Each structure stands twice: as C-alpha cells, then as structure tokens.
Amino acid sequence: MAGDLAAVEAVRTLGGVLAALALLMFAGCAIALTRSGHDRKVSGLGPVDIRIEKGRPPADVPRLPQRPRASWHLRANAIVVGWLGLTVAVALAGDVLPAPRWLLIHVFLLGAVSTAILIWSEHFTVALLRVRTPPQRGSLTRVALLNAATVAVLTGVSVGPWQLAAAGAALVVGVVLWHSAVLVRLVRQALPGRFGHVIGWYVSAAGALAVGGVLGGLLAAHIGQEGAHERLHAAHAEVNLFGWVGLTVLGTLFTLWPTVLRTRMSDGTRRASRVGLWLAVPGLAVAVAGLLAGWRWVAPAGLAAYAAGGLAVLAPLADALRRKRPHTGASWMLGAAIVWFEVALAADLVVVATRPAHEVGAALEPLLPLVLVGFVAQVLLGSLLHLLPAMLGGGPARFKENAALLERGWPVRLVALNLGVPLLALPVPQPVTLLGRALVLGSTLAFIVLAITALVRARSANGQRLGAGMGSGQSPAVGGGVGGGSPADGGGTQGRQSPPARPSLPAIAGVVVGCLLTAAAVVVATTGASGPSTVAVTGSQTVEVTLSGMSIRPAVIEAPAGTVLTLRVTNADAQRHDLRLATGERTPMLAPGQSATLKLQPLGAAVDGWCTVAGHRAAGMTMRIIPTGTAPASQSEASTGYDGHGTHAVPQQSAPTRLDLAAPMPPGWRPYDATGSPPPEARNTTSRSAPTTPSSRRSHLGCGNACGRSTGPCQGRCCAAR
C-alpha cells in the first residue's frame, strides 16, 4: 500500500512478497493442526479422585430446571433465519436504500452466512473431535459481537461515517480470530481421531476472513487511489468468497455429504482432505497476493492451485455419490451447490487470467449470482434443511415432523432457485432478470416461512416440557427428555392430556406475507412516479457531469424552474462510479472512461444526486440540482428551497457547500498578483492625490488599500481588483 501511495514499484513488489509469505505461514500453521491430533501421543493418565456418596439427595433441596440442549441452537439459528428475512427485505427495497447492491451482498454474506459459519463450525468441531462443548456464554458473546460488528459495517458504509465501518471491520477480525483460537484449543484437548483433518479447513477459513476484514476496512477508509482501490476490491472479494465461505464449505462436505446421503465415508477422505488443503490454502494466498500487487500471471497461478484443491475434495464426494443417489431436498440442494461452485470457480479463473488486476473486480460482477445464489445460498439452505430438525430436538416423532415440514415442496423450490441463477447471471432483457429475481426470492421466502414455523413449534414444545418438569418436581432433562413424557414421543399421560399449543402454519404464513406485501407497497410508493408533472416546460439545457476523485463536478447545478435537463455523465476516474438522482434516474455502473446520458423531468424542486458505490456517498460524492426563479403556483414554496422573492431569491441552504479544491475555475478567473505591496511611506504621492469618490473607491483583498480605479488592477500593483 505504501508503494501504491508513493508510486514506487519496488516497494509495492516487496509488500506483495511479504503478504504472500505471511499468508503462507498462516496456512502452514493451519495445516499443521490437522496432523497434531493424529500424530500426538496420549499422555499417561494420573490418579483420579472418585467419591461416591450413597443415599438420595435431601427432599427439601429443589433441583434447578435445566434448559433443554436444543435451546442454544434454537436461538442461534433464529438469528440466521432473521438475517435471511432481512436479505429478502433488502432485495425487495431495491434502490430505496443507499448502495443497494452492496447492502444486499453484505447483509447476506456478513449477516446470515457468517453467523451460520460461526455457529456450525464450532458445533461440528465439538462433534467430530468428541470434546466437551465450550461454555455457551462465550459462544453467545461471539455471535453477539459479530452481529454488532455487521450492523456497524452496514451503517458506516451506507450512511457514514467511514470510521464506524472501519471499527466494525476491526471487530469482525477480532471475533473471527477469537473463534479460531477456540477451535485450536479444542483440537489440543482432543484425543486422536478420524476427523481432525476437517478442523484445519475451519481455521484456514477464519484466517481468510481476518484478511478479508482488513481489506474491507481499508476499502471503507478509502485507502489507495485509482488502480490500488480496484485491486483491493478484487482481493477482498476473492478471499472472502473462496476463503471464508469456500474453505468452510469444502471442509464440511467431507462429513456432511455422506451424512445427508445416509452412506459411509470414502476410505480416501483423509488423504483427499490433506491434499486439498495443501493446494487450496497456499493457492488462495498466492492469488490474493498477486491481485494486491498487480502481478498479472501470479494471481491466475494461485487460483489454479486453489481449483486443483477443490477437485481433490470432489474425489471422496463422488465416491459417496456412486454408492447412494440424492433422495432428499437437502442432498439435491448441496449437490446443485457443488456444481455451481465448480462453474463459478472456472469462470473466475478465466476472468483473472484474461484481465489486469485492477479490472478483475468489475469483471467479476456478472459472476456474483453464480457464487451467491447458486453456491452459497444453496449450501446454507441445504445445510439448514438437514440440520435444523436434529438441532431442534423433541424426540424421533418431532424430528420426523420438523423434517417433513421443512422439506415441504422442496422439488419446486429447488427448480425455481436453480432456474433463477442463470436468469440473473446472463445478459437477458430486464423482464427476464426480474423473473429470475422473483424465482430466487420466492424459493428463499418459502424456506424462511417454513423455518420460522419449525422454530416456533420447537420453542413451544420446549416451554411445555419445561413447565411439565417443574410441575412434577423433576428436571426437564429427566422428566421431559427425549424418551420421557413428551407429547411428540407419545409417552406419558400428562403429555397426551395437555399437548403443546402449535401455531397454525397458514396463520404464520399470512402474517409473513402480509408484512412483505406491506414492505413492497412502501417500496412502490417511494420509488414510483407521483403522477403527471405540473411544472410547465420553460426550456432545455445540457450539462456535462464528471465523476472523479470522490467528487461530482459540478457539485451544484442551477437552472430555471421548468428546465428539462440532460446530464452527460462521464467517469473520469480510475475506479467505477455511477450517478443516481433522488427522482429515480440513474446511470449504469460506469467503468473508467465510460459515459451515460440522463434526461430529467422538468425541474420543479431541488434534486439530490450521489454515487451508489459503497462508501462513496459518505465520502462526499454528491451533487445537487437547484431550480432558480419563482416556483409554479401548483408547487409549495417549501419544496423548492427558496423564500419566494422572484428571480433574486437566495436558496435556503441547510449546510455550507463543500469546498472542492479540484474543481475547475470559472470563466474569466485570473490569479491574484503575487507582487508584494510597497510600504505606506514609499507609495507614490501622486497616486494618492488622484481624484476619487467614495462610491468608486474599493478596498483590495489582502492589503486593504483603496483605489480609485473602477475597473482593472490596482495602479500600485498591491493586489488584483476584487
């Protein structure tokens, strides 16, 4: 970064080498973890003091009710489902929100996906290593801090200040490093086992998010100019998508895929995991370092190594697939996600190999639906489809009931989701793109409704068992457990007499759909046209607008009321920008050197404009169009921003105009003469005796001297005339 700021190629090259070495060292530490649990010898057991107390506990000592084991997962997964619902709401809101595309991506990835990874990677580590579960207070604290950091990042980038986003990114890095330290401690506490190799993938993924969080903080702070900013953006996307998400998913599939298919693991799983990790993690490190340093062929080489690691992972997965075909909604979704992952990885490799590093970020934009929807969304939905029934508890009967509920209509949802992916990625007409968005959102919304129903049922059942256990003087873990008198299991007379209240599925679905329709109505009301314009057309005007250097020039455009403005917008910067107006007009995302034209409606009120790229509006990349003259009678004076005193009215600005030091000078501008003025005693007496009148005498800027000249520079050359 110092090399980019100082334009020193040697310093930039040295920084890229150091970054690559640091990432490779971190990858080596993560890979070493996969061997520690297998090669370490078990130390001898020391003496154990065991005391057995006979007799029953005193009857007058009440036993504290214990919270059911599924309560933690019930609350944690409710957060994930909530982020998924918020993702759907952001997608429906669209252009009403600032930086809508950036918000949609980060609400989904940083909110829903990252929370799910934080929860399930710890759960799988405990289950695979067969160690004691860490304290739930620490797990809950990490989830809470991650969600608080996510809110800070979303708020800081969208509306500012950027310091809030940078602090949120730093908190994300701290939480994920804490999470990786917990996983490492669990590995050291575990006995040698078959599945220790999976944990190395989780620790490497945590390191990838730490790097991605640092890069995201630099992007939020607008560190780096021109090509450096675009390289940061490309490296940030690669390390987060294929590192934090990709490595986690690849490591989990070694055990999750055979479990979903209900078949045994392949004998070559351990070897494939080690080979894949040795290829994928260093390859990703080299690719990210190549993108940051701008090395044209280093980044594709690293990404090719990562792809080779992904192919190594597919070997045991294909072996399990030969033994058992997919037969559930979860298995089909995970299988489709694997296919989309390979397609997206191949396309990404082609883009990185054929484009310069500073153009990779823009070229990856069309591939986002393949990665976000085809791969990430289907992995998340498929995993929750399989894991939620087991984590919600309640016994075999409740498990079957929840599984049947979540898989209701899964073939339709599967087809709709996978049909919407190419419609979003391909260059098709706008109505077809809207159809693809509707298919994806409809499939996701259907799962959210079913998941909320299952969560509410599980919470009601847990509360019923808790009440039954307290009423009988027993702990719920004893009297209302899996095999006790749970209504779901059909055991016990008390459970059959008072079944838990179950919310009606149509009622819940109606409430959710009603809320979404209300949100859609608000979106339509705020984005749609307010009716035919009542402003009379008084003329037309064309204005050249330039996007450059985190500013829009001109920052203020004044035109008579009723003027039809045509804005010719040109991106003169080295990074991508666009222009969106509060009235709804917007340009596409403009690459460096591209232009677009916007034709506005007759000007009747002040119109604000801004760049929708994340963080650019908060950095001051805004403009304002102000109508001059008397507003039409059909328009309120308050809406025009003027006090209604004819053509000489002064706009009522709520804040001073931002000083643009890079703006071009107005026509006729002339710099002030730098020649110093003589002392008063050395002035020419004849110039002071020149006849002047108070009306023609003017005070000059800088020295404050008076001059009788009505036009032109001062005779005494003390300064230029104001």
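Structure shown above.
Everything in this summary refers to the structure shown in the same document. For every chain, the first residue of its written sequence is number 1, and the numbers climb from 1 along that sequence. It should be noted that, the model being predicted, local features are given only for residues of pLDDT at least 70 and side-chain atom pairs only at 80 or more, the latter also being counted only at that level, while totals for whole chains, interfaces and linings use all residues. As a rule here, side-chain values come from all non-hydrogen atoms in the structure, and water together with hydrogens is ignored.

### Some details on the packing of aromatic side chains
Side-chain rings of Phe, Tyr and Trp (the six-membered ring for Trp) are treated as a pair once their centres are within 6.5 Å; stacked means planes under 30 degrees apart, edge-to-face means over 60, and tilted covers the remaining angles. The final tally for this structure, using the stated rule, is five aromatic pairs. Ring centres of tryptophan 201 and phenylalanine 254 lie 5.9 Å apart, and the angle between their planes is 55°; on these two criteria the pair is classed as tilted. Note that tryptophan 201 is positioned in helix 7 (residues 197-220) and phenylalanine 254 in helix 8 (residues 227-261), a separation of 53 residues in sequence. Summary of the burial criterion: residues with accessible area below 20% of their type's maximum are buried, those above 50% are exposed, and those between are partly exposed, where the area comes from a 1.4 Å probe applied to protein chains only. Looking at phenylalanine 254, the relative accessible area reads 1%, which means it is buried. Pairing phenylalanine 242 with tyrosine 306 gives two aromatic rings, centres 5.8 Å apart and planes at 75°, and the pair type is edge-to-face. One end of the pair, phenylalanine 242, is in helix 8; the other, tyrosine 306, is in helix 10 (residues 298-323), and 64 residues separate them in sequence. Tyrosine 306 matches phenylalanine 242 in its accessibility class, with the two residues each being buried. These aromatic residues form a ring-pair network of at least three members: Phe242, Tyr306, Phe341 and Phe375. Counted as over-ring charges are cases with an Arg CZ or a Lys NZ within 6 Å of the ring centre that also lie within 35 degrees of the ring normal. Seen from the ring of tryptophan 178, arginine 142 lies directly overhead, with NZ or CZ sitting 4.9 Å from the centre. Per the convention used, a helix needs a DSSP run of H or I reaching at least four residues, while a strand needs a run of E reaching at least two, with both numbered from the N terminus.

### With respect to the nonpolar core
Leu84, Phe108, Tyr306, Phe375 and Leu380 are the most contacted members of the largest nonpolar core, which totals 139 residues. No other element matches helix 4 (residues 100-129), which puts 18 residues into this core. Beyond its immediate sequence surroundings of up to four residues, tyrosine 306 is in contact with Phe242, Gly246, Leu247, Leu250, Leu279, Ala280, Gly283, Leu284, Phe341 and Leu345. Counting 23 residues, the second largest nonpolar core, distinct from the first, contains Val545, Leu567, Val607 and Val613. For the purposes of this section, nonpolar cores are sets of buried Ala, Val, Leu, Ile, Met, Phe, Trp, Tyr and Cys residues that join through side-chain atoms within 4.5 Å. Any pair of residues with heavy atoms lying within 4.5 Å of one another is described as a contacting pair.

### Topic: the environment of alanine 446
Along the polypeptide, alanine 446 turns up in helix 16 (residues 430-471). A relative accessible area of 28% places alanine 446 in the partly exposed class.

### Quick word on the pattern of salt bridges
Here a salt bridge means any side-chain nitrogen of Lys or Arg lying within 4 Å of a carboxyl oxygen belonging to Asp or Glu. Overall, the coordinates contain nine salt bridges when judged by the stated rule. The partner of aspartate 319 in a salt bridge is arginine 323, with the nearest N and O atoms 2.4 Å apart. Here aspartate 319 pairs with arginine 323, and both are found in helix 10, just four residues apart, close to one helical turn. One salt bridge connects arginine 624 with aspartate 608, and the closest N-O pair in it is separated by 2.6 Å. Here arginine 624, found in strand 8 (residues 622-628), pairs with aspartate 608, found in strand 7 (residues 607-610); they are 16 residues apart in sequence, far enough to count as distant. Owing to a relative accessible area of 32%, aspartate 608 belongs among the partly exposed residues under this scheme.

### A few points about the packing of helix 4 against helix 7
To obtain each axis, a line is fitted to C-alpha atoms, and for helices this fit is confined to the stretch in contact; angles are then taken between N-to-C directions over 0 to 180 degrees. It is the contact of helix 4 with helix 7, at a shortest axis distance of 10 Å, that shows an interaxial angle of 160°. Between helix 4 and helix 7, the angle falls in the class roughly antiparallel. The handedness of the crossing between helix 4 and helix 7 comes out as left-handed. Residues Ser121, Phe124, Thr125, Leu128 and Leu129 of helix 4 pack against Val198, Ile199 and Tyr202 of helix 7. Roughly parallel means an angle under 35 degrees; roughly antiparallel means over 145; roughly perpendicular covers 65 to 115; every other angle is labelled oblique. In a left-handed crossing the near helix is turned counterclockwise from the far helix by less than a right angle, and in a right-handed crossing that turn is clockwise.

### A few points about the sheet that holds strand 6 (residues 595-599)
Note on pairing: DSSP must find at least two bridges between two strands before they are called paired. With respect to topology, four strands assemble into an open sheet ordered 2-1-4-6, the strand pairing being mixed. Where the open sheet ends on each side, the last strands, each with one partner, are strand 2 (551-553) and strand 6. With direction set aside, neighbouring strand axes in the sheet form an average angle of 25°.

### Comments concerning the packing of helix 10 against helix 11 (residues 329-354)
Packing of helix 10 against helix 11 leaves a shortest axis separation of 9 Å and a crossing angle of 165°. Looking at the two axes, helix 10 sits roughly antiparallel to helix 11. Two packed elements cross with a definite hand, and for helix 10 against helix 11 that hand is left-handed. Contact with helix 10, carried on its side by Ala299, Pro300, Leu303, Ala304, Tyr306, Ala307, Gly310, Leu311, Leu314 and Leu317, involves Ile338, Phe341, Glu342, Leu345, Asp348, Leu349, Val352 and Ala353 of helix 11 and no other residues of that element. Of the residues contributing to the contact of helix 10 with helix 11, the split by class is 15 nonpolar, one polar and two charged. When residues are sorted by character, Ala, Val, Leu, Ile, Met, Phe, Trp, Tyr, Cys and Pro go into the nonpolar class, Asp, Glu, Lys and Arg into the charged class, and all the rest, Gly among them, into the polar class.

### Topic: the side chain of threonine 328
For threonine 328, the location among the structural elements is in the loop between helix 10 and helix 11. When near neighbours in sequence (up to four residues on either side) are disregarded, threonine 328 contacts Val260, Arg262, Glu407 and Trp410.

### Description of unusual backbone geometry
Between arginine 553 and proline 554 the backbone carries a cis peptide bond, its omega angle lying at -5°. Tracing the backbone through its elements, the reader meets proline 554 in the loop between strand 2 and strand 3 (556-560). With a phi close to 60°, arginine 130 is a non-glycine residue in the positive phi region. Tracing the backbone through its elements, the reader meets arginine 130 in the loop between helix 4 and helix 5 (136-159). When its relative accessible area of 75% is taken as the criterion, arginine 130 is described as exposed. Not every positive phi belongs to a glycine, and arginine 262 is a case in point at roughly 60°. By secondary structure assignment, the location of arginine 262 is in the loop between helix 8 and helix 9 (269-293).

### A short note on the sheet that holds strand 3
Taken together, four strands build an open sheet; the order of strands is 3-8-7-5 and the sheet is mixed. Of all strands in the sheet, those with a lone pairing partner are strand 3 and strand 5 (580-581), marking the two edges. Examined bridge by bridge, strand 3 and strand 8 share five bridges and lie parallel to one another. The residue of strand 8 that forms the bridge with valine 556 is arginine 624.

### Section: the side chain of threonine 87
Checked against the element boundaries, threonine 87 lands in helix 3 (residues 71-93). Apart from residues lying up to four places away in sequence, threonine 87 is in contact with Leu104, Val107 and Phe108.

### Quick look at helix 7
What a helix is expected to span follows from its residue count: subtract one and scale by 1.5 Å. Over its 24 residues, helix 7 extends 36 Å from the first C-alpha to the last, a length consistent with the 34 Å expected when each residue adds 1.5 Å. Looking one or two residues past helix 7, histidine 222 carries a phi angle of roughly 60°, positive in sign.

### As for a nonpolar patch on the surface
Residues Leu145, Leu171 and Trp178 make up a contiguous nonpolar surface patch of about 220 Å² in total accessible area. Secondary-structure assignment places leucine 145 in helix 5. The patch calculation keeps residues exceeding 30% relative accessible area without a salt bridge and links them within 9 Å when they carry like charges or within 5 Å when they are nonpolar (Val, Leu, Ile, Met, Phe, Trp, Tyr). Every accessible area reported is derived by Shrake-Rupley at a probe size of 1.4 Å, with residue values counting cover from the shown protein chains alone.

### So, the pairing of strand 6
Burial along strand 6 is one-sided: the residues Ala596 and Leu598 are buried and none of Ser595, Thr597 and Lys599 is. Here strand 4 (residues 563-571) runs beside strand 6; their pairing, made up of five bridges, is antiparallel. Each residue of the ladder has a partner; that of threonine 566, found in strand 6, is lysine 599.

### Some words on the environment of glycine 251
Inspection of the secondary structure assignment puts glycine 251 in helix 8. Spatially, the C-alpha atom of glycine 251 lies 8.4 Å from that of valine 313, the residues being 62 residues apart in sequence. In contact with glycine 251, not counting residues within four places along its chain, are Val198 and Trp201.

### As for helix 14 (residues 395-406)
Spanning 12 residues, helix 14 covers 17 Å between terminal C-alpha atoms, matching the ideal 16 Å at 1.5 Å per step. Looking only at helix 14, the buried set comprises Gly395, Arg398, Asn402, Leu405 and Leu406. Along helix 14, the residues classed as buried sweep out an arc of 90° about the axis, all on the same side. More than 90 degrees from the buried face of helix 14, the exposed residues found are Pro396 and Lys400. Note: the arc covers the axis-to-C-beta directions of the helix.

### Considering the pairing of strand 4
Within strand 4, seven of the nine residues are buried, which leaves the element mostly enclosed by the surrounding structure. Taken together, the nine bridges between strand 1 (residues 539-548) and strand 4 define a ladder with parallel strand orientation. Paired with leucine 547 across the bridge in strand 4 is asparagine 571.

Scope: geometric values only; no functional claims are made or implied.
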